[in-house]
Amino acid sequence: MTTAKEAAARHVRAAADDLIALSHRIHAHPELAFEEYLASRWVADALGDAGFEVEHGYCGLPTAVQATVGSGPTHIAICAEYDALPDIGHACGHNVIAAAAVGAGVALAPLADELGLTVRVLGTPAEEGGGGKVLMLEQGAFDGVHAAMMVHPAAVEMAAMPGLAVTQFDVAYEGKAAHAGAYPELGVNAADAMTVAQVAVGLLRQHTGASDRVHGIVTHAGSAANIVPDASRGRWIVRSDDLDALRPLSERVRRCFEAGALATGCELSTTPVGPDYADLRPDRDLLDLWVANATALGRRFPELPAGVTGAATDMGNVSHVVPTIHPMLGLDCAPAVNHQPEFTAASRTQAADRAALDGATGMAWTAIDVARAAQRPR
């Protein structure tokens, strides 16, 4: 192991108690997309204490953070996430992501100038819907970056998450209320419109690709059983292999909702929820460096069953512009998986704490490898 890597590992070990405390504090105070005021401040303060120049409210987003250290020619971006999910809190383990990103920054700060690095730790809000990284990418947050990285907890270790492209939109039907018993013929039933659309989506699934996904929730469909519902609301997500496949699938899904309006006489409106997420495209060379470093830390990559499909992340959009990795750190918690209450509990365990520290060290080591490669004669 190089002296720089030994030093980085020492810095993570020295900060371990503070990093774990940060992870636990964020876990105990879950905040939704674009509302991560506590978590973003804690991340910013920790990086400021480590010698970073910090900008809170970066890119015009109140809960986005940019922290920079070093002035070398090789620019590394390390992404922190910290938003939680409604009702089930940190069931995707973003508290671990934030702690690992801060830890990698702490490890690299004293070494950056010696290594020829400029290290940019980005606190990126609203990954669970809202596309914070997409908005930051559009504002130039990743300009000049040679490599971007983050880590993410999961049930099992994965070098690369098979991330799909995704679009999300709200659906609203407007009908006409009436007494459901006395004058039902005067009503225009908005709940029926949503039902027709859901049936159409269900039938469509037979004719979609193996990795295509369509799913959603009805958030409102009436207020009393004896009133014909004059309004219904829902939120829907469509996923496919990449943006080119996503667009025609999304159009087919939208026609299902048009069918609900046509069948019932309701008025339909759809509203995008944040930007579309692109499919995740990990950089092969960067990924090889990560796997070697993670293996040196004792992490193991089991063979995954065939046909595993991924979730989606706004890091996918970054990966289309900048060499990127998004490895998954196994918490050995199966059958509990992301977005389950059981995974919320798993994200505050010794395995999760180890993942945060290994993620910090592994990203720091990978950044060091990138810096060394950039200095070699070509």
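Structure: above.
Residues numbered from 1 in each chain as written. Predicted model: local features only at pLDDT ≥ 70, side-chain atom pairs only at ≥ 80, totals over all residues. Heavy atoms only, no water.

A. Highlighting the packing of helix H2 (residues 16-28) against helix H3 (residues 37-49). At a closest axis distance of 9 Å, the pairing of H2 and H3 adopts a crossing angle of 170°. As judged from the angle between their axes, H2 and H3 are roughly antiparallel. Remark: the crossing between H2 and H3 carries right-handed chirality. For the pair formed by H2 and H3, the contact residues are Leu22, Arg25 and Ile26 on the first element and Ala39, Trp42 and Val43 on the second. Broken down by class, the residue content of the contact of H2 with H3 amounts to five nonpolar, no polar and one charged. (Axes fitted to C-alpha atoms, helices over the stretch in contact; angles between N-to-C directions. Helix = DSSP H or I, 4+ residues; strand = E, 2+ residues; numbered from the N terminus. Parallel < 35°, antiparallel > 145°, perpendicular 65-115°, else oblique. Left-handed = near helix turned anticlockwise from the far one by under 90°. Contact = heavy atoms within 4.5 Å. Nonpolar A, V, L, I, M, F, W, Y, C, P; charged D, E, K, R; others polar.)

B. Main features of the pairing of strand E3 (residues 74-80). Of all seven residues in E3, six are buried; the element is thus mostly enclosed. Here E3 pairs with strand E4 (residues 117-123) via seven bridges, running parallel. What sits directly across from Ile76, in E4, is Val119. Looking at chain direction, E3 and strand E5 (residues 147-149) are connected through three bridges and run parallel. Note that in E5 the partner of Ala77 across the bridge is Ala148. (Buried < 20%, exposed > 50% of the residue type's maximum accessible area, 1.4 Å probe, protein only. Pairing = 2+ DSSP bridges.)

C. The sheet that holds strand E10 (residues 267-272), seen in detail. Ordered in space as E8-E9-E7-E10, the four strands form an open sheet in which the pairing is antiparallel. The outermost strands of the open sheet, each flanked by one partner alone, are strand E8 (213-220) and E10. On average, adjacent strands in this sheet sit at an angle of 20° to one another, irrespective of strand direction. Pairing geometry for strand E7 (residues 165-174) and E10, over six bridges, is antiparallel. Bridge pairing in E10 places Glu174 opposite Glu267.

D. Representation of the state of the cysteines. For the structure shown, the criterion picks out zero disulfides. A disulfide-free cysteine, Cys266 has its sulfur positioned 16 Å from the sulfur of Cys256, the nearest such atom. Free cysteine Cys333: the closest other cysteine sulfur is in Cys92, separated by 11 Å. Given a relative accessible area of 15%, Cys333 falls into the buried group. (Disulfide = S-S within 2.5 Å.)

E. Expanded view of unusual backbone geometry. Residue Pro335 is bonded to the preceding Ala334 through a cis peptide linkage, with omega at 10°. At Phe34, a position not held by glycine, the phi torsion is positive, near 65°. Summarising the element assignment, Phe34 is placed in the loop between H2 and H3. Under the relative-accessibility criterion, Phe34 is labelled partly exposed at 31%. The phi dihedral of Asp87 falls on the positive side, at around 75°, and the residue is not glycine. Considering the arrangement of structural elements, one finds Asp87 in the loop between E3 and helix H4 (94-108). Among the residues examined, Asp87 registers a relative accessible area of 84% and is labelled exposed.

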